[in-house]
Amino acid sequence: MKKVNLPDAAKIKDELLKTYPTKVGRKRSKHITVVGEKKEDNSIQANVRTVPGIITQRGCCYAGCRGVVLGPTRDILQIIHGPVGCAYYSWLTRRNQTRPESPDAPNYMPYCFTTDMQEEQIVFGGEKKLKQAIQEAYDLFHPKAIGIFATCPVGLIGDDVHQVSREMSRELGINIFGFSCEGYKGVSQSAGHHIANNQLFKHVVGRDDEPIAGKYKFNLLGEYNIGGDAFVLEEMFAECGFTLVSTFSGNSSYDDFCKSHNADLNLVMCHRSINYMAEMMQTKFGIPWLKINFIGAQETANSMRKLANYFGDQQLIETVDKYIAREMQAVEKARAEVRPRLEGKLALLFVGGSRAHHYQELFKEIGMKVVGAGYEFAHRDDYEGRKVLDGLEVDADSRNIEELKVANDSTRYKPRLSADQKKKLTQQGIKLNHYEGMIPTMEKNTLSIDDISQYEQEKLLELYKPALFCAGIKEKYGVQKNGIPCKQLHSYDYGGPYAGFQGAINFYREIDRMINTRIWKLIDAPWKEEEQIRANFATS
Amino acid sequence: MEMKTNTKSKPNAVTNPCNLCTPLGACLVFKGIKGALPLLHGSQGCATYIRRYLISHYNEPIDIASSNFTERTTIFGGKKNLISALENICTQYTPELIGVATTCLSETIGDDVPQYLREFKSEQKSACLPHIVSVSTPSYNGAYMEGFQATIKSLVVYFAASRPRTRRVVLFPNLVSPADIRYLKELLADFGMNFVILPDYAETFDGGPWDGYQKIPQGGTRIADLSELGGFASAIELGHSLVGQESAGAYLEREFAVKRHISGLPIGIKATDKFISILETVSGKKMPEEIRKERGRLLDAYADAHKYLFEKKAIVFGEADMVAAMAGFLLEIGVIPVLCATGSRSGILKAELEKLSCESGRSFEIREGVDFGEIEEISGKLKPDFMLGNSKGYSLARRQGIPLVRVGFPIHDRIGGQRVLHLGYRGTQQLFDRIVNTIIENTQEQSSIGYTYM
Ligand code: SF4
Ligand code: SF4
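Reading the values: rules and limits
Residues numbered from 1 in each chain as written. Chains lettered and ligands numbered in written order. Predicted model: local features only at pLDDT ≥ 70, side-chain atom pairs only at ≥ 80, totals over all residues. Heavy atoms only, no water. Buried < 20%, exposed > 50% of the residue type's maximum accessible area, 1.4 Å probe, protein only. Helix = DSSP H or I, 4+ residues; strand = E, 2+ residues; numbered from the N terminus. Pairing = 2+ DSSP bridges. Right-handed = clockwise from strand over helix to strand, strands pointing away. 1 Å grid on protein atoms, 1.4 Å probe; cavity = no way out; pocket = protein on both sides within 12 Å on 5 of 7 lines; lining within 4 Å. Points joined across faces, edges and corners; volume = space filled by probe spheres on them. Nonpolar A, V, L, I, M, F, W, Y, C, P; charged D, E, K, R; others polar. Near = heavy atom within 4 Å. Domains from an automatic or database assignment. Buried area = accessible area lost by both parts, 1.4 Å probe. Salt bridge = Lys/Arg side-chain N within 4 Å of Asp/Glu carboxyl O. Polar contact = N/O pair within 3.5 Å; in protein donor to acceptor, adjacent residues only side chain to side chain.

J.: For the pairing of strand E11 (residues 369-374) of chain A, give the residues involved together with the corresponding values.
T.: Residue and element names in this part refer to chain A. Among the six residues of E11, six are classified as buried, and the element is accordingly described as predominantly covered. Taken together, the five bridges between strand E10 (residues 346-350) and E11 define a ladder with parallel strand orientation. Bridge assignment links Leu346 to a residue of E11, and that residue is Lys369. Handedness of the E10-helix H15 (residues 355-365)-E11 crossover: right-handed. Across two bridges, E11 lies against strand E12 (residues 446-449) in parallel orientation.

J.: An account of empty space enclosed by the protein is needed here, citing residue identities and associated values.
T.: Overall, the coordinates contain 12 cavities of 30 Å³ or more when judged by the stated rule. The calculated volume of the largest cavity comes to roughly 780 Å³. A:Gly67, A:Val68, A:Arg94, A:Gln189 and A:His490 are the residues nearest the centre of the largest cavity, which is lined by 50 residues in total. At the level of secondary structure, the elements contributing two or more residues to the lining of the largest cavity comprise helix H3 (61-70), helix H9 (189-203), strand E6 (217-223), H15 and helix H20 (473-481) of chain A together with helix H2 (44-58) of chain B. Class assignment of the residues belonging to the lining of the largest cavity gives a composition of 19 nonpolar, 21 polar and 10 charged. Taken together, 20 residues make up the lining of the second largest cavity; nearest its centre are A:Cys86, A:Cys152, B:Gly45, B:Cys46 and B:Cys104. Elements supplying a minimum of two residues to the lining of the second largest cavity: helix H4 (84-89) and helix H7 (152-157) of chain A together with H2 and helix H5 (104-108) of chain B. The residue inventory of the lining of the second largest cavity, partitioned by class, reads 13 nonpolar, seven polar and no charged.

J.: Pulling in residues and values, what's your account of the site of ligand 1?
T.: The local shell around ligand 1 consists of A:Pro83, A:Gly85, A:Cys86, A:Tyr89, B:Cys21, B:Pro23, B:Cys46, B:Thr103, B:Cys104 and B:Ser139. The residues that come close to ligand 1 belong to more than one chain, namely chains A and B. Ranked by the residues each element gives to the shell around ligand 1, the list is headed by H4(A), at three residues. For the shell around ligand 1, a count of residues per class yields seven nonpolar, three polar and no charged.

J.: Now, about the domain arrangement of chain B: what can you tell me, with residues and values included?
T.: All names here are of chain B. Domains assigned within chain B are domain 1 (4-13 + 298-446), domain 2 (22-142) and domain 3 (169-283). Once you take the C-alpha centre of each, domain 1 and domain 3 turn out to be 25 Å apart. In this assembly, domain 1 packs against domain 3 so that about 2,200 Å² is buried in total across both faces, 63% of it on carbon and sulfur atoms. When the buried surface of domain 1 facing domain 3 is broken down by residue, Asp321, Leu423 and Tyr425 rank first, second and third, together holding 31% of it. Where domain 1 packs against domain 3, one counts two salt bridges. Joining domain 1 to domain 3, the criterion identifies 16 residue pairs in polar contact (both at pLDDT 80 or more). Contributions of two or more residues to the side of domain 1 that touches domain 3 are made by helix H12 (289-309), helix H13 (320-332), helix H14 (348-360) and helix H17 (424-446).

J.: Break down the domain arrangement of chain A for me, citing the residues and quoting the values.
T.: All names here are of chain A. Domain annotation for chain A reports domain 1 (61-183) and domain 2 (217-338 + 390-427). A separation of 29 Å is found between the C-alpha centroids of domain 1 and domain 2. Interface of domain 1 and domain 2: buried area, both sides summed, is about 1,400 Å²; carbon and sulfur atoms make up 51% of it. Of all residues in domain 1, the largest losses of buried area upon contact with domain 2 belong to Val69, Gln97 and Arg99, amounting jointly to 33% of the total for that side. There are one salt bridge connecting domain 1 and domain 2. Here Asp255 and Lys144 are joined by a salt bridge, their closest N and O atoms 2.6 Å apart.

Structure representation (structure tokens):
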């Protein structure tokens, strides 16, 4: 690996904090951690409310609930109860892909349904309009299930989306459930993930006990099929002989959710958005969960091996090994091609609640150095690992988010592993129901920054001059104004898939093209250099 | 003339809305003022969504702050949050102006923003406080155009004061593209006018790379100019929707006797002629030769391509002023706008289009307060040859196999939405070529041979 001399991360941190008023600076300081020698000891403040007036990249509770978790499900018809904007902005903006079972199977993802609240409803209440809206949507599409999402004004005017859901459910004879995901709840979209998990668990999971055919059955949790990632993974699982029962919630369907409790394992991709579901399914049905990562070829290989070892069948393990060996050939070839052009270059990753961790693996594989990484809406356990959970303080903003009381299901709870099997997995270093977090995987003298502000981002660009910045569309154009490419890790800028082995190859190539295109040389305008030369002349 | 104006068949559920929310319009205007930063008073989600949405059209960094309500704020009111937001913005961004727009949430709880602002200003000792202009923009009452116009008005009311009369002119261009604004500037300069455009986001929404970090992007209407508005000779407003309205132009005329002129969006020969005649009146100059030539070329193109267009049918949808202007233009070139639809409920479109219908002797459907679900219901029967409107029509166009010519706002499935020129002879020329070529391309693709000559 090429040696790169990096600036002192602690000094950079000081620079970032300089312009803030003292109080704000003190607050922000806790959200910026210099990754040190003993990574296990690094602590960071996260999941606290953004200071008013600081421009954040965070969205709202509703965005997390409707947009992230429920959005990728094609056949739950989703009605947004509120003024038009909230619905409009979340309409087909994420690039989740889906493949209905047949050309006429329902797919409501291209649609946006809203009650488009008017002043009359704000003053006199909107339940009547909501009921009629449900009826109209039902008449149009006859869906199996309808989800109702409340946006900010709804809770305040006293509309009860749950009551309306129950009533209409009885009347229409289909499953209708509400989400109290008003945007002001919690501190970011993260609150919405939790609410979405709760309601799906309460109203959908476990409705269909029909046994599932196939071997090695598991669910994939926290994979939203951006850019077709889930398709790549589905193929990989099928080829190795696994049975994927359901995905929460990329390329997913209502029926799959209903029977997901019949699986024997939950794989967790995005820990932040879906760990609640994994935990609740563990408690109620006895399904263990395993944190995996399918971003990065090596990580994919590791994850696939863990998965095979969990089921423990020797033949399965061999099939998986063979599969990995075959796929790795193409991966190595692509890696060897791009690595010389990328080695030692710096990247910054500020995105999401898991991607900033997952994508570091891909950069390592092509020799790039991630000097700073952080999340928009993660919690401390995503940074430092689940070990901090017990000591976690819950502030007023998060206390309002319901924690479901879940108990063993008296008839359907079934432990999936014997004591022996558990022991064996421990010996193999496979930890169930565990996540180590992002910081322990980062190198020392790098920065971990939570809920980075627009201002801090600009400062980092100036101080590190990275070859690449990874974030979302809100950051993209500002970064590019500085002559630095920005990869969107929410929507992949129309690219992808990046998961699995084929995805890794796509990503290597994409990063190579982005960094090494000639455009950046043009943006570093020639007159700047001239000026510098002139300045040099003047001083000599 | 027999006109069909319908209200929705499904009055409660909106399927695929054709309208954006009010504070978005406010943000657009504030982003067109030099040194200004918009602040949305409400939960952070609205600010984030609106930023995200504007960025996807303009492909530029766009900052919008939020006062970041918590659940407690919804109970105790938003004053504390608003003040802390203002303070933090001042120290971090040192803006010349902070534009505060409300959201559904702060409106629902009944926050009195103007009162909070008065208190804030009186409590601040610091002399270098920025201007703070506020506007009420609940989305359950109106839509983004209402927010857009209300914000312009708020700015004018805040800044305009009595001034000695000058010969200067203010142009309110409506919600047009940065390319349109640049074109309008060129045009007004050609007429030798000393003018101000409000809002002017030509640069803030479509600028070049940066030499260093810009807290607030360069460009925009200068505040010094806004304070001079009271002494201006004329105000020109674009958009039929402003006729009879208490708009910024109406205010300037009433309070400061600034002569007000209104023209629809200048799209097509006739509409542009009208706009140009206003410029002639205001400047006292005849149309410059170069513009006359531009007009000539456009007429020539009409003549060259009329046979490809005649009797073709189009669905036009989007913001009311844009739809009205496009319908006028289409009728002029022999295309029938079989359905003119807008999500706005203001009633303007109907009035304007009925006039057009009478003039042209054509009848067509007009729908206000519409959603795409409803457009789809009728478009099947209308069998249009193409659709003219924003990106949100794509799903429908795709399902029905109709080409979509992208105009207006938002365009987020193509690059360059900010550079689509719509206005004047030049903008019409570009639109015209795109429309004709869309039709020719469609015919070409469907022909079994694939001729390479027209
Ligand atoms: S609450 Fe109102 S202002 Fe906010 S996004 Fe929704 S419609 Fe727009
Ligand atoms: S109103 Fe509330 S739910 Fe809607 S976008 Fe704004 S913060 Fe989110």
